[in-house]
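Fold and contact review
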Amino acid sequence: DRSELSHAAAARRRIERVLEDERAGRRDAEDLLHEEVQQARQGERAAEASAVSTGRKLAAARLELQDAVRRMNDVKGLRTHIEHATEEMEASYYEVSNQRQQLESQVHDLEAAL
């Protein structure tokens, strides 16, 4: 009887140790899982922050590009205006030059008539 009780007590202690080891293993696994979940959440937040930052940078770049295109169009408009003004000035110059030649010819004719 004593021997059976002793064996039963030893078996119970072994079972309790196995159960305690199993509980400890489960706690370790739960701790690891919790840590992995936290790291995943941190990674997710970092990715979201990066996406927001990238979106802001893209929006700023788009505004800069739109401003550059507007300035380029302004320069094109000014260039066209300058070209037209230059053509008008050239036409006026030739007209004045022709009038001058006519006046000089008339003056020459009047001087010859005198």
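Residues numbered from 1 in each chain as written. Predicted model: local features only at pLDDT ≥ 70, side-chain atom pairs only at ≥ 80, totals over all residues. Heavy atoms only, no water.

1. Quick look at the overall build of the chain
Heads up, the rule is: Under the scheme used here, helices are H or I runs from DSSP no shorter than 4 residues and strands are E runs no shorter than 2 residues, and both carry numbers assigned from the N terminus. The atom set for the radius of gyration is the C-alpha atoms, and the globule formula is 2.2 Å times the number of residues raised to the power 0.38. Exposure categories follow from relative accessible area, calculated using a 1.4 Å probe and restricted to protein chains: below 20% of the type maximum is buried, above 50% is exposed, and the middle band is partly exposed. We get accessible surface area from the Shrake-Rupley algorithm with a probe of 1.4 Å; when it comes to residues, only the shown protein chains can shield them. The sign given to each residue is positive for Lys and Arg and negative for Asp and Glu; His and the chain ends receive no count. Each charge is placed at NZ for Lys, CZ for Arg, CG for Asp and CD for Glu.
Scanning the chain from N- to C-terminus turns up one helix and zero strands. For 114 residues, the compact-globule estimate of 2.2 N^0.38 gives 13 Å, and the C-alpha radius of gyration of the chain, at 49 Å, exceeds that figure by more than 25%. When the backbone C-alpha atoms are referred to their principal axes, the chain occupies close to 165 × 10 × 10 Å. Across the 114 residues of the chain, 1% fall into the buried class. Here the chain has roughly 10600 Å² of accessible surface; of this, 55% comes from carbon and sulfur atoms. When the 18 positive and 24 negative side-chain charges of the chain are each reduced to one mean point, those points stand 17 Å apart.

2. Brief notes about the packing of aromatic side chains
Any two aromatic rings considered together are summarised by their centre-to-centre distance and by the angle between their planes. We count it as follows: Pairs were defined over the aromatic rings of Phe, Tyr and Trp, the Trp ring being its six-membered one, requiring ring centres within 6.5 Å. Orientation was assigned from the angle between planes: stacked under 30 degrees, edge-to-face over 60, tilted for the rest.
Counted under the stated rule, the structure contains one aromatic pair. Aromatic side chains Y93 and Y94 sit 5.5 Å apart centroid to centroid with 70 degrees between the ring planes, which places their arrangement in the edge-to-face category. Residue classification places Y93 among the exposed positions, given a relative accessible area of 55%.

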